[in-house]
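In case you want the letters, here they are:
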Amino acid sequence: MTEPSGETAPEAVAPAEDLGEAPGAPASDDRPGEAEEPGTGGDPDALEQSGAAEGAGAGDGSGSAEEARAGDEPGSGDESGSGDEAGSSDGSGSAEQTVAGDEAGTADEAGTEAGGVEGDAAELSDAQAELAAQRELRARIEARKAEKSGPVVGGTKLSGTAADLLAAVRAVEGGTASGSTFYEAPEPAPRRPAAETAPPMTVRPPAPERPAAPAPGTTAAVREVLAQGGAPEALAGQVAAALGEGAAAALREDPWQLLAVSGVRPEQADGFARALLGPACGPGDPRRAVALTVCLLERAALQGHTALEIQAVRAGLAGHAVPDPEQAVETAVSEGAVLVFQEEETAEESEEETSEEQEREQAPAAPVLIGLDRYALAEESLADGLARLVRTAKADAWEGSELERATGAHGLVLHTGGEASRAEPLALAAAARERGLRTLVAVHADGGRRAAGAEAVTVAALLSGAAGPGRDEDGAFALDLLVVLDAPQLDVETGAMLVESLPDGCRLVLSGDPEVLGAPGAGRVFADVLAARVCPRVASRVPDPGPLGELVSGIGVGELNQVEAPGKEIVIVPVRDAGEAVHRTVQLVADSVPRAIGVPSEQTQVVTVGHGGSAGTRALNAALKQRLNPGPGRFGGYDPGDRVAYAPAPGRTVTGTVLGADAEGLRLRCGDEEVLVPKERVESVLRHGWALTAHQAAGTRWPAVVVVLPGDAAGGLSRPWVYTAFGRAERHLSVVHGVDQALARAVAEGVAPERTTRLRPLLEGLLAADEE
């Protein structure tokens, strides 16, 4: 069960005064909380009167939340919709919400809001920098792929266009046609055998700095081309960074390469091409076909797909007025811009011989998929790495819990359960250390380290070398056991880099809650490995305690139950419209929760469906700043004391507080660390953080959480979203409820769209399915 993904970096902030200006003292807000007129059960002061949940969306309902289309525009991540926002003071009602599915739950949901071309280009640079940091590791992965004796046999049942596509790709593989460097790799050196003793450690240097800015001459040349085509000259830096030293010539030769800058829409690239090429270009131009095919796959990656079915790609091209979508796909494949796949069936053949025609009728062939080599390489290297761990681990009889016994006997183990079950893999790590094993626990977010212990590190810090053990001469971690919590948050590229960094014989335990929202990047690693059944799976039997645990556990099985909350653990605040939702949210955070629950405002987190809309993160953050830390935004839109969400890399969100600014940039306090954000990056990697989306909040918990559900957010709800948002609260949960019966329907029926990936069949092809 997965969902559209997207926002991995904060929304761009309008530039203000220079960051080099001396910081000023934040204005204090001494106003008492505004008195609220008593309502019939909707006043936040109900926190002091009753703690019981008042029918949170209880009642039967039918229908399901609309699913986001795979082809949504990347620049339209905001949640928006139309329909009645009527609600009653007791939280019940029957107003149906009709939401524009084009924008609900798209890239805006998970952490990458493509609100502006410039901000998105910076995000693309972030991703490139992360990949550049792993270049040496990637070379070793490619060498491993070249070691295979031959290409995987697939697509034997194809004919017609699909067969032609496969033939084109195999021509690229065989060297008879030009293709990408994905298939070009040097002969690999034999992998070192598993060491009996600890290998010599060489500490990996910190990740390289972000690639240097393009040369002034390159940027100036690109600016001239952009001006000729009527495109904003402000894009020059991003285009030069995306296309390299010869950016100006490449752009003049193929104007549709402007789509390489994230956030540029196809119609904008078409207008640019017409201005440069005049009548020489048209909708069927092969250059346009290739660029649009790649663009469609990049958009799909923002929603979590590592590939798309060929019919979906053709339909997307037809939607952009490409006259011959089939020929367009063939052109993209033959030029090596995209790859085509068809996985072999893994089911056992029938004992009785049947004709080929009968086989087709009984078991349809696997779909033909189109993908980018970036994700193909990641999925194949991840599958190879997991299979290597399974095969090289030496079975040992460990005493202890079920999880300990499974880990001792296998190289790869999956562990599932809710928040309370996290104690089990932590106990496993402690027991492994007592056995003398080099053991490490990794979490997704910095906030998760608090519950995992002082020795835990984030996955990002581990891969960058900022934390964790050193690496040996082969680049492998000096580890015997790695326990990864929050495993559903692993995207395929991060998972591949992590697994390829583990030495032969190392044990890997992936632990997480399969009901939460999936990774903010492409892929669904944890879900695919679970579905492949290639290793032991240990399901925790430890229930989440208290009223909050009971509520969240019920949501996980599709039931929105009325829960007794004598300690005010759960409070429902019905609202009539989005304006009232913002007002009630501010009062809860600033006054009611601190006064009635004893949790200060700085430990209360607001979670909402999306960034846009009248009660999205932007509107809520503006209102919360005005109440909690008013100021002019003197430093790039921020003031000392502002709560911020910082995205150091795509897919990662860290909350912090602004300390001040100087000539170098903005200084933040994130957990126990002080972070400097260069002033040129403030707009692309920072946003105010009193309110987050559920994707940004995944992997972290707070003492108190206020979940905001305005009427126009109904279409963005799904069971995983509700499960994740409600599960962020440790002590208290307030639900600002304005979606009527849509909440109950989302919990009962709101399954998020599936992601199209290849990891499961790849694993099943490498390792026999284990049905135990």
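Since the structure is predicted, the reported quantities are computational estimates derived from the model, not experimental observations.

Take the sheet that holds strand β4 (residues 339–341) next. Spatially, the three strands line up as an open sheet ordered β3-β5-β4, and their pairing is antiparallel. In this open sheet, the two strands that pair with only one neighbour each are β3 (307–309) and β4. Each strand axis lies, on average, 30 degrees off the axis of its neighbour in the sheet, ignoring direction.

Glancing now at unusual backbone geometry. Phi at D486 is positive, roughly 55 degrees, even though this residue is not glycine. With respect to the secondary-structure elements, D486 resides in the loop between β9 (481–484) and α17 (492–500). In this structure, R533 is a non-glycine residue whose phi angle is positive, near 55 degrees. In this structure, R533 sits in the loop between α18 (525–532) and β11 (537–539). By relative accessible area, which is 30% here, R533 ends up partly exposed.

This next bit is on the nonpolar core. With 85 residues, the main nonpolar core has L226, I370, L482, L508, L510 and V529 as its most contacted residues. Among the elements that take part in this core, helix α8 (residues 286–302) stands out by supplying nine residues, more than any other. Apart from residues lying up to four places away in sequence, L482 is in contact with L440, A442, L462, L498, L502, C506, R507, L508 and V509. Core analysis: the next-biggest nonpolar cluster, separate from the first, contains 38 residues, V552, A565, V607 and V747 among them.

This part covers the pattern of salt bridges. Any two side chains of opposite charge can pair, given that their charged atoms come close. Tallied over the full model, the rule gives 24 salt bridges. In this structure, R667 and E664 form a salt bridge, with 3.2 Å as the shortest nitrogen-oxygen distance. Given a relative accessible area of 24%, R667 falls into the partly exposed group. E674 is paired through a salt bridge with R667; the nearest N and O atoms lie 3.9 Å apart. Here the residues in one salt-bridge network are D662, E664, R667 and E674, joined through shared partners.

The complete set of buried residues in helix α26 (residues 759–766) reads L759, L762, L763 and E764. Contact partners of the buried residues in α26: α12 (373–392) and α18.

So, about the packing of aromatic side chains. The full count for this structure, using the stated rule, is zero aromatic pairs. The ring of F341 has R758 lying over it, and the distance from NZ or CZ to the ring centre is 3.8 Å.

Adjacent strands of a sheet pair through backbone hydrogen bonds, lying either parallel or antiparallel. In spatial order, the strands read β17-β16-β15-β14-β18; together these five strands make up an open sheet with antiparallel pairing. Either end of the sheet is taken by a strand with one partner, and the two such strands are β17 (673–678) and β18 (686–688). Ignoring which end each strand starts from, the neighbouring axes of this sheet average 45 degrees apart. In this structure, strand β15 (residues 654–661) lies alongside strand β16 (residues 665–670), joined through four bridges in antiparallel fashion. In the strand pairing of β16, T657 is matched with R669.

Below, the discussion takes up the packing of helix α4 (residues 216–228) against helix α7 (residues 266–277). Two elements in contact, α4 and α7, have axes separated by 8 Å at closest approach and are oriented at 90 degrees. With respect to α7, the element α4 is oriented roughly perpendicular. Across from V225, L226 and Q228 in α4, the residues of α7 making contact are F272, A275 and L276. Taken together, the residues of the contact of α4 with α7 break down into five nonpolar, one polar and no charged.

Conventions used here
Residues numbered from 1 in each chain as written. Predicted model: local features only at pLDDT ≥ 70, side-chain atom pairs only at ≥ 80, totals over all residues. Heavy atoms only, no water. Pairing = 2+ DSSP bridges. Helix = DSSP H or I, 4+ residues; strand = E, 2+ residues; numbered from the N terminus. Axes fitted to C-alpha atoms, helices over the stretch in contact; angles between N-to-C directions. Buried < 20%, exposed > 50% of the residue type's maximum accessible area, 1.4 Å probe, protein only. Core = buried A, V, L, I, M, F, W, Y, C linked by side-chain atoms within 4.5 Å. Contact = heavy atoms within 4.5 Å. Salt bridge = Lys/Arg side-chain N within 4 Å of Asp/Glu carboxyl O. Phe/Tyr/Trp six-rings, centres within 6.5 Å; stacked < 30°, edge-to-face > 60°. Lys NZ or Arg CZ within 6 Å of the ring centre and 35° of its normal. Parallel < 35°, antiparallel > 145°, perpendicular 65-115°, else oblique. Nonpolar A, V, L, I, M, F, W, Y, C, P; charged D, E, K, R; others polar.

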